Amino acid sequence: MIPAVMPTYARSELTFDRGEGPYLYAADGRRYLDFSSGVAVTSLGHAHPRLVAALTAQAQQLWHCSNLYQIAGQKRLAERLVELSFADTVFFCNSGAEAMEGAIKVARKYHAESGHEERYRLIACTGSFHGRTLATLAAAGAEKYLKGFGPPAPGFDHVAYGNLNEMRAKVSKETAGVIVEPVQGEGGLAVASADYLKGLRTMCDEFGLLLIFDEVQTGMGRTGKLFAHEWAGVTPDIMALAKGLAGGFPVGAFLATEKAAKGMTAGTHGSTFGGNPLAMAVANEVLTVMTEPGFLSQVERIAKVLRTKLEALAKSYPKIFAEVRGKGLLTGFKCVVPSLDMVERLRRAGLLTVGAGENAVRLLPPLIIDERHVDEAVGIIDGVARAWS
Ligand SMILES: *Cc1c(COP(=O)(O)O)cnc(C)c1O
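Residues numbered from 1 in each chain as written. Predicted model: local features only at pLDDT ≥ 70, side-chain atom pairs only at ≥ 80, totals over all residues. Heavy atoms only, no water.

S.K.: Quick question: what am I supposed to make of the side chain of Thr 136 here?
M.R.: Among the structural elements, Thr 136 can be located in helix H5 (residues 134-140). Among the residues examined, Thr 136 registers a relative accessible area of 0% and is labelled buried. Only 3.3 Å separates the side chain of Thr 136 from the backbone oxygen of Gly 131, close enough to count as a polar contact. With near-sequence residues (within four places) excluded, Thr 136 lies in contact with Ala 97, Met 100, Glu 101, His 130 and Gly 131. (Helix = DSSP H or I, 4+ residues; strand = E, 2+ residues; numbered from the N terminus. Buried < 20%, exposed > 50% of the residue type's maximum accessible area, 1.4 Å probe, protein only. Polar contact = N/O pair within 3.5 Å; in protein donor to acceptor, adjacent residues only side chain to side chain. Contact = heavy atoms within 4.5 Å.)

Next comes the structure, spelled out in structure tokens:
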């Protein structure tokens, strides 16, 4: 008999009923160190007092208000994101996939508005992940997710991640833009080089294409900068955000330059729940915390501490770990042993991690961790690897 909850996930048996900072507490009272953060979502840990306060204060004022009216929290958050990024304008939605759908629409509309409706194709990379809607699945092009769901949505071409020549060769008269993740999260923690991202910027300018960065996973401090593309010193024309944006309250956003968004006039896009006052209250507080002096430099510092210790583990257990990958606190191992077995063993030992493509184990701790949490995680990984050797 089919379970009442549609069985589309391979779930573990664990149920959590409470979280605090980087820890989750299971129904049986056992404590787990959460280095998954609900896949890069609970960026400030669980039950952060300031987020709880922001949410409960807003809950007593106003939950929902249609986008037919002004929403003060949206205006405030949008102005702040504009101030902190390349963008001039922001649309709020509810998830990463929706943010990417919006980003794709902006790119197509820009060319249509410029008199080039034929320029609707987007070039994306193999190994990427952009969400589970029909368009975002087609954008990523992963056969295993597309299979059985009919013909993929048209308009997407695919090239190898990190290969600029292949990307240039794929550009045609129908190309509208390029979609790239600065670090491939789901794909297995491959990091785009600064030269690659710079090359994409130059290529897009040369051919009049729009550059879209999917920062749903890499954005909001995850790599030690507010946005991962800042490391390369290049800016996109459009960017998608979601996961860490409101620390666990569902929200997504796509940001664009004024030029790229020129076709996004009244009636061209919308969302019933997008930019809901509750989401905006929490997201504004997340941004306040992340932009306080020293917050991001501490993320960068602790990420280096973690990285050094992970490198040492990889060296100690070459039959278990092939290499350390990723950037900032979006990191982990490419494994020699099956990565999902590793995730399972770590979980039994009290550490929550997430699998990824290319046989990788992802570590995505909340950005508020300190040395004690790093040492605790490293101790657990060391114990599991030793027992396995
Ligand atoms: C998680 C993710 C998405 C999809 O986000 P959802 O909120 O699950 O729709 C899109 N792009 C990237 C890079 C992601 O990591």
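S.K.: So what exactly am I meant to see when it comes to the sheet that holds strand S15 (residues 351-352) here?
M.R.: Note: strands within a sheet are paired through backbone hydrogen bonds, in either parallel or antiparallel orientation. The sheet built from four strands is open, its strands ordered S1-S2-S3-S15 with mixed pairing. This sheet does not close on itself; its edge strands, each paired only once, are strand S1 (16-20) and S15. Where strand S2 (residues 23-26) meets strand S3 (residues 31-34), three bridges bridge the pair, whose relative direction is antiparallel. Looking at S3, one finds that Tyr 23 is bridged to Leu 33. Lying on the sheet, helix H12 (residues 371-388) is in contact with S2, S3 and S15; it crosses S3 at an angle near 105 degrees. (Pairing = 2+ DSSP bridges. Axes fitted to C-alpha atoms, helices over the stretch in contact; angles between N-to-C directions.)

S.K.: Mind showing me how you'd approach the pairing of strand S13 (residues 321-327) here?
M.R.: Regular strands show a simple pattern: their side chains alternate between the two faces of the sheet. Sheet topology note: the S13/strand S14 (residues 330-335) ladder contains six bridges and is antiparallel. Bridging from a neighbouring strand, Gly 326 pairs with Thr 331 of S14. Linking S13 to S14, which pair antiparallel, is a turn of two residues; within it Gly 328 sits at a positive phi near 60 degrees.

S.K.: In this structure, what is going on with helix H10 (residues 295-316)? I would like to understand it.
M.R.: Given 3.6 residues per turn, any residue in an α-helix points the same way as the ones three and four places further on. Helix length check: H10, at 22 residues, gives a terminal C-alpha distance of 32 Å against a target of 32 Å (1.5 Å per residue), a fit within 8%. Those residues of H10 that fall on the buried side of the exposure criterion are Phe 295, Leu 296, Val 299, Ile 302, Ala 303, Val 305, Leu 306, Leu 310, Leu 313 and Ala 314. Where H10 is buried, its residues touch helix H9 (277-290), S13, S14, strand S17 (360-363) and H12. (Expected span 1.5 Å × (residues − 1).)

S.K.: Honestly, the nonpolar core in this entry has me stumped. Any pointers?
M.R.: Ranked by size, the top nonpolar core spans 64 residues in total, and within it Leu 255, Phe 321, Phe 333, Met 342 and Ile 381 carry the most contacts. Top contributing element to this core by residue count: H10, with ten residues. Both domains that meet at this core, namely domain 1 (16-47 + 293-388) and domain 2 (51-290), each give it at least three residues. If we skip the residues at most four places from it in the chain, Leu 255 touches Leu 81, Ser 85, Phe 86, Ala 87, Thr 89, Val 90, Asp 237, Ile 238, Met 239 and Leu 241. Counting residues in hydrophobic clusters, the runner-up holds 24 residues, among them Met 100, Ala 124, Leu 210 and Ala 240. (Core = buried A, V, L, I, M, F, W, Y, C linked by side-chain atoms within 4.5 Å. Domains from an automatic or database assignment.)

S.K.: What exactly am I supposed to notice about the state of the cysteines here?
M.R.: Scanning the entire structure with this criterion turns up zero disulfides. With no disulfide of its own, Cys 125 lies closest to Cys 204 among cysteine sulfurs, the gap being 11 Å. (Disulfide = S-S within 2.5 Å.)

S.K.: Can you walk me through the pattern of salt bridges in this structure?
M.R.: This structure, assessed with the given rule, holds 21 salt bridges. A salt bridge links Lys 309 to Asp 375, with the nearest nitrogen and oxygen atoms 2.6 Å apart. In this pair, Lys 309 is assigned in helix H10 and Asp 375 in helix H12, connecting sequence segments 66 residues apart. For Arg 386, the salt bridge goes to Asp 382, with nearest N and O atoms at 2.5 Å. In this pair, Arg 386 and Asp 382 both sit in helix H12, four residues apart, roughly one turn of the helix. Through salt bridges with shared partners, a single ionic network connects Arg 50, Glu 285 and Glu 292. (Salt bridge = Lys/Arg side-chain N within 4 Å of Asp/Glu carboxyl O.)

S.K.: I keep staring at the domain arrangement of the protein chain and nothing clicks. Help me out?
M.R.: In many analyses, interface size is given as the accessible surface area lost on bringing the parts together. For the protein chain, the assigned domains are domain 1 (16-47 + 293-388) and domain 2 (51-290). Across the contact, 31 residues belong to domain 1 and 27 residues belong to domain 2. Carbon and sulfur atoms make up 66% of the area that domain 1 and domain 2 hide from each other, which totals about 2300 Å². Contact with domain 2 buries surface across domain 1, with Leu 296, Lys 327 and Leu 330 losing the most and accounting together for 27% of the total. Viewed at the interface, domain 2 and domain 1 are joined by one salt bridge. Note that Glu 186 is salt-bridged to Arg 362, the shortest N-O span being 3.1 Å. Taken together, the connections running from domain 1 to domain 2 amount to nine residue pairs in polar contact (both at pLDDT 80 or more). Mapped onto the side of domain 1 that touches domain 2, the elements with two or more residues apiece are helix H1 (37-40), H10, S13, S14 and S17. (Buried area = accessible area lost by both parts, 1.4 Å probe.)

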